[in-house]
Amino acid sequence: GGLERARWDMREGLRVFARYLGRRPKGVWLSEGGVSDDALKLLDELDMAWSASGEGVWNNSRFLSGLEAQGEEARRTLFCVSAIDDCETRMFFRDDGLSDMIGFEYQQWDAVDAATNFGQHLENIADYLGDNCEEHVVSVILDGENAWEYYPDNAFHFLGALYDHLVANPRLATLTFTEALEQVSPEALPALCPGSWVYGSFSTWIGEADKNLAWDMLVEAKQTYDRVLSEKAFTAEQTVRLERQLAICEGSDWFWWFGDYNPSDSVSDFDRLYRQQLRNLYEMLG
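Residues numbered from 1 in each chain as written. Predicted model: local features only at pLDDT ≥ 70, side-chain atom pairs only at ≥ 80, totals over all residues. Heavy atoms only, no water.

Trainee: Looking at this structure, I do not really get the environment of F93. What am I missing?
Mentor: Within the secondary structure layout, F93 lies in strand 4 (residues 90-93). By relative accessible area, F93 is classed as buried at 1%. It is 6.3 Å that separates the C-alpha atoms of F93 and L78, two residues lying 15 residues apart in sequence. With residues up to four places along the chain from it excluded, the contact list for F93 reads S53, G54, V57, W58, L78, S82, S139, L189 and L192. (Helix = DSSP H or I, 4+ residues; strand = E, 2+ residues; numbered from the N terminus. Buried < 20%, exposed > 50% of the residue type's maximum accessible area, 1.4 Å probe, protein only. Contact = heavy atoms within 4.5 Å.)

What follows is the structure in C-alpha cells.
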C-alpha cells in the first residue's frame, strides 16, 4: 500500500499548504530531494510543474542514461531544466557547492565578503556557459533549517548584502523555479536515478540494521492497521485520526536519525518517540 500512502501524504501536504498560504504550490522539493520515476509520476498526477534534487542524483542519472557522467561539457546540463522521459514534471538539480556555501560556510565570513564571493561564483558560471548563459539556471537549494541560526543576527546582514549584490548585477536574474520554467528550455534526461541530495542515494534512511528494524516495525504496524480496519467499524472521525497517526509513524525523520553514526542522545530521543507513536497507533486500533 505504499503508493496509496504516498498519495495520501502528498494530498494532505497540498491541503495544508493551501490552507495556510492561500493557494496551491506549483512545485515541490520532496523530503531531502528524494526522487524517483515513481515519485515524478505521482507529481504528474497532482499537476506539479517541477521538483528538484542534488548533484549526486544528477550525476547518477546521467550515468544511468548512458550519457557522459563527468567532464566540463557534461556540467553544463547541471544548469538546465531537465525533462525526464514520460514525465511532465520538470527537474532542477542544485549546485551543491554554492548551496552548501550558504548553508554551512558563509556564516563564518564577513557578510559583504560572503555576498561578493557568492556573486563572483555566479559570474564564473556565466562566463563558463558563454553567450547563451541566459538559457541556463543555477539552482540554489538550502538545507534550510540549519543555516540561519549559525549566522550573526540570524543572517540579517548576510541576506541584506546578498540581495543587494544580486539585484545590482545586470548579468544575474533572481527567479523562482516556476519563473525559470517559463524562460529556460528543457534538456532531455532519459532516466532519473532514484536517490536524494544526501550521497545521491537513500542510504541515510535504509540499509543499516537499526534503520531496517524500524522499517520492519512500520510494516508490521501497517499490516495490523489494514487488518483491523477491514474487521472493525470506525467512525469517520476515528478513521481520520487513525490515518493521521499512521502518517506520523511514516515520517522520514525517524529513519534518518537511527544508526550508530548519529549522536547517541538524538538517536535515543528519536527511538523513544518513534516507539511511542507506534504504541499510540496500536492503542487507537484497539
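Trainee: Is there a simple way to explain a nonpolar patch on the surface in this structure?
Mentor: On the surface, F17, Y20 and L21 cluster together into a nonpolar patch covering about 340 Å² of accessible area. Of note, L21 is situated in helix 1 (residues 2-21). (Patch = residues over 30% accessible without salt bridge, like charges linked within 9 Å, V, L, I, M, F, W, Y side chains within 5 Å. Areas by Shrake-Rupley, 256 points an atom, 1.4 Å probe, with all protein chains shown as cover. Salt bridge = Lys/Arg side-chain N within 4 Å of Asp/Glu carboxyl O.)

Trainee: Mind showing me how you'd approach a negative patch on the surface here?
Mentor: Side chains of D37, D38, D85 and D86 sit close together on the surface and give a patch of like negative charge. Considering the arrangement of structural elements, one finds D86 in the loop between strand 3 (81-84) and strand 4. On the accessibility criterion, D86 (74% relative accessible area) is exposed. (Lys, Arg positive; Asp, Glu negative; His and termini not counted. Charge placed at Lys NZ, Arg CZ, Asp CG, Glu CD.)

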